[in-house]
Each structure stands twice: as structure tokens, then as C-alpha cells.
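Residue-level listing of the chains:
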Amino acid sequence: MERRRGGGVTFRVAVMGAGSWGTTFGKLLCDAGGEVTVWARRPERVEAINERHENSEYLPGVELPAALRATADAAEALAGADFVALAVPAQTLRENLAAWVPLLPPRSVLVSLMKGVELGTCRRMSEVIGEVADVPAERVAVFSGPNLAREIAAGQPGAAVAACADEEAARRLQAAAMTPYFRVYTSTDVVGVELGGAVKNIVALCVGMAVGLGFGDSTRALLMTRGLAEIARLGAALGADEHTFAGLAGMGDLIGTCSSPLSRNRTFGENLGRGMTLDEVVAVTKQTAEGVKSSGAVLELARKHNVEMPMTEAVVAVLYEGVPIADAASSLISRSPKPERYGL
Ligand SMILES: NC(=O)C1=CN([C@@H]2O[C@H](COP(=O)(O)OP(=O)(O)OC[C@H]3O[C@@H](n4cnc5c(N)ncnc54)[C@H](O)[C@@H]3O)[C@@H](O)[C@H]2O)C=CC1
Ligand SMILES: O=C(CO)COP(=O)(O)O
């Protein structure tokens, strides 16, 4: 952090990834007074952000602050950063971060903006960060909440949770992201905050399928509520604080994503529900729908910990085992009768 002339403190931020959320987070921290540089893979993104102050591919029509800088040079983005926000697709984090490790400023806090679980290892993003960058938990944070990029980029009121094992680091991230239109809460429950974001994408796929099949709000409410029970069961097995799931990064994100046509995961499911094949849906999906790949990793994680996740199983069966959506739906509704708090 640096002292500004006049006494205030400013902070430097590197946002690694210039997709819809990376760009939006960069704008948010710029609006909060930070000096923000976004790293983009492609030179045309850099040019669009620096010259036209617009990320026309991911956030068309949103005017970005003139102070928000972009570069395709990771070293330039990372130089002197207090916070390094990681906003690439979850399954590409390991490879990307490995290349950036030698460039990370020694005291920077690494912030995961991603909502996925790694295939093959079943690791949460904060675990991948800790392992690849070889940094202690005190330097790894997660920022998550009901944040549909386009709405937050438009300056609509929103909120998120900044979670870190080190409460002081969480407070610094909180202070760095508070604006007149955005509130940030802190938490030390990294596992819970992270799982809420990753697993709600799978529930959103399921809700999307139901919407695509023509079902209404009763079915949607059923899936969201039982989806939350599924998230909480996995969270309990992994040591999360159950209260986290009643908060912004749990129920909040679940409601936001499952209710919004802006959600890429919900839209993906909806297209499947309308009868498109998986290949057709993949072909029309231009942005990252993390639940599609993470569903397999979450199911594997659940099985390792003996946690029942029937909706996640149903999503994996539809996506990867060729099970028709109608059959998956009827196997969910005809599960054996249970008390509501079964397994919680
Ligand atoms: N869009 C949203 O509303 C929100 C997204 N997130 C999370 O943020 C993360 C990033 O998602 P978005 O920005 O929304 O995705 P996006 O699809 O809009 O952008 C992805 C970005 O990653 C880049 N990219 C793709 N493959 C890459 C690779 N192999 N190496 C390096 N860069 C690569 C793309 O060029 C693009 O800049 C995801 O985990 C998502 O779940 C979290 C909160 C809100
Ligand atoms: O995480 C999100 C909202 O909080 C964005 O959801 P999608 O990735 O489904 O668009």
C-alpha cells in the first residue's frame, strides 16, 4: 500500500483475466479508489479497454473507468500489486498461475474470484492457489457473492463476502472493494464461501433444465432449497461453518444465479431442457459455465466424503452419461421418503 499525497492510502490491484467478471471486479476496485491493471490474454482486449474504455466482447455497452488499465504482459500487471485477483476459468488456473508465480509480489494477497472445483484433484481454487504459489493460507482470499457481472458493472447495488483465514487480510480486501454501490462483508470461513459459489452453479444447471422443460416457480423453489441442503451437507463434511450457507455466498448466490437469465449456468441448463444436445449447447455458450466441468469434481469430492448429492449426481448423469433429463427428473422426485433434515 502507498500513501497518497494528502494522506489517504491507495492500493494496487492486478486482475488476471479480462472476461466478464475479471473486468467487472477491476472496475469495482477502480471505483473504490484502487490502482487497477487487468491482464488480458488477447491484445485486442487490451486495446479495447485502454483506448475505448469498453470490453466489447464480455461487457458490451458498459463504460469502464479511464483509470482502469489493461496489459497483455503479466509482469507489468503484477508489479507492486497488493492484491492479485485470479479470474480465469477454474480448470485453467493451475497452468496459468504456475507461469505467474515468479512474478508475484512477496506480500501480495491472492484473491480467488473463481467458482469451480478442479477436475482430477477435487481441489477448491484456494487450495490450488496455496499449492501452486506455495503461499500460506493467510495470503489466500476468496471473494464471492450474488454478483452477476453485467449488473455489478452497471453499478447496481450489490454485495459480496471477502473470506480469508487471516481476518486482517479479509478486512483489507473488504476496504479495497467497498464503493457507494457495493458492500463487502468479511468471513474467515474460506471453505464455506468457496463451496457456496462452486456448487450453486450445479444447482443452477438443474434449475435451468427444469425451466427449459417448462416447469414453474414451485419446481424452481424445490430445486433451490434442496440444492442448498446439498451444498450444506458437503460443506459440513469439509469443515465449513453452516451459517455461511445462509449468507450472501450461500443462499444469496444460489438465489441470484438460479433466478437470473443472465446466469451462464442456468442458461446452459435451460438450453439442454429445451432439447438441445450437449454439443449444441457447448457451441452456443460463449462464456464460462463453471458447473459443467466442476460437477464431476464436486461429485467425486462428495463420494470421497460419503456425502449424498442427488442433484449433482443427476446433473452429471445428464451431462456425461447420456441420461435423458426427464428420467433424471423422475429419479430425483421418486427418491425414498425422508425427514427434511435427513443427513444435515
Ligand atoms: N460472470 C460473472 O457474473 C461471475 C463469474 N464468476 C467467476 O469468475 C470466473 C471467471 O469467469 P468469467 O470472467 O465470468 O468468465 P468469462 O467466460 O466471461 O471470461 C473468461 C476469461 O478467461 C479467459 N480465458 C479462457 N481460457 C483461458 C486460458 N486457458 N488461460 C487464460 N485465460 C483464459 C478468457 O479469454 C476470458 O478473458 C469463473 O470462475 C466464474 O465462475 C464469479 C462471479 C460472477
Ligand atoms: O456467479 C455468478 C453470479 O454470482 C455468475 O453465474 P454464472 O457463472 O452462472 O453466470
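Just so it is clear, the model here is predicted, and its values are computed rather than measured.

Moving on: the domain arrangement of the protein chain. Under the domain assignment used here, the protein chain contains domain 1 (2-188) and domain 2 (198-333). Distance from the C-alpha centre of domain 1 to the C-alpha centre of domain 2: 26 Å. Each partner contributes residues to the interface: domain 1 has 24 residues there, and domain 2 has 23 residues. At the boundary of domain 1 with domain 2, total buried surface from both sides reaches about 1800 Å², with 66% on carbon and sulfur atoms. It is Lys115, Cys122 and Leu148 that lose the most area in domain 1 upon contact with domain 2, and together they represent 32% of the buried surface on that side. At the boundary of domain 1 with domain 2, the tally comes to 1 salt bridge.

Below, the discussion takes up the side chain of serine 108. Tracing the backbone shows serine 108 in the loop between α4 (93-100) and β7 (109-112). Overall, the relative accessible area of 1% leaves serine 108 in the buried class. If near-sequence neighbours (up to four positions away) are discounted, serine 108 is found in contact with Ala81, Asp82, Val84 and Arg139.

Per the UniProt entry, the sites bearing "active site" (unreviewed entry) are Lys200 in this numbering. Within the element layout of this structure, lysine 200 appears in helix α8 (residues 190-212). Beyond its immediate chain neighbours, meaning those up to four positions away, lysine 200 contacts Lys115, Leu195, Ile231, Asp253, Leu254 and Thr257.

A few words now on the nonpolar core. One finds Val199, Leu234 and Phe268 to be the most contacted residues of the largest nonpolar core, which totals 43 residues. For this core, the secondary-structure elements that each account for two or more residues are α8, α9 (217-237), α10 (248-259), α11 (264-273), α13 (290-304), α14 (310-320) and α15 (325-333). For phenylalanine 268, the residues in contact, after removing those within four places along its chain, are Leu205, Leu278, Val281, Val282, Thr285, Ala289, Val292 and Leu319. Membership of the second largest hydrophobic core comes to 41 residues, among which are Val15, Leu113, Ala141 and Phe182.

A few words now on the sheet that holds strand β8 (residues 140-144). With respect to topology, 8 strands assemble into an open sheet ordered β5-β4-β3-β6-β7-β8-β9-β10, the strand pairing being mixed. The open sheet terminates on both sides in strands that have one partner only, identified here as β5 (69-71) and β10 (182-187). In this sheet, adjacent strand axes meet at a mean angle of 25° when their direction is disregarded. One ladder, built from 4 bridges, connects strand β6 (residues 83-86) with β7; its direction is parallel. Looking at β7, one finds that phenylalanine 83 is bridged to valine 109. The sheet strands contacting α4 are β3 (12-16), β4 (35-39) and β6, and the helix crosses β6 at an angle near 150°.

Reading the values: the criteria
- Residues numbered from 1 in each chain as written.
- Chains lettered and ligands numbered in written order.
- Predicted model: local features only at pLDDT ≥ 70, side-chain atom pairs only at ≥ 80, totals over all residues.
- Heavy atoms only, no water.
- Domains from an automatic or database assignment.
- Contact = heavy atoms within 4.5 Å.
- Buried area = accessible area lost by both parts, 1.4 Å probe.
- Salt bridge = Lys/Arg side-chain N within 4 Å of Asp/Glu carboxyl O.
- Helix = DSSP H or I, 4+ residues; strand = E, 2+ residues; numbered from the N terminus.
- Buried < 20%, exposed > 50% of the residue type's maximum accessible area, 1.4 Å probe, protein only.
- UniProt positions renumbered as here; feature names shortened; annotations may be inferred.
- Core = buried A, V, L, I, M, F, W, Y, C linked by side-chain atoms within 4.5 Å.
- Pairing = 2+ DSSP bridges.
- Axes fitted to C-alpha atoms, helices over the stretch in contact; angles between N-to-C directions.

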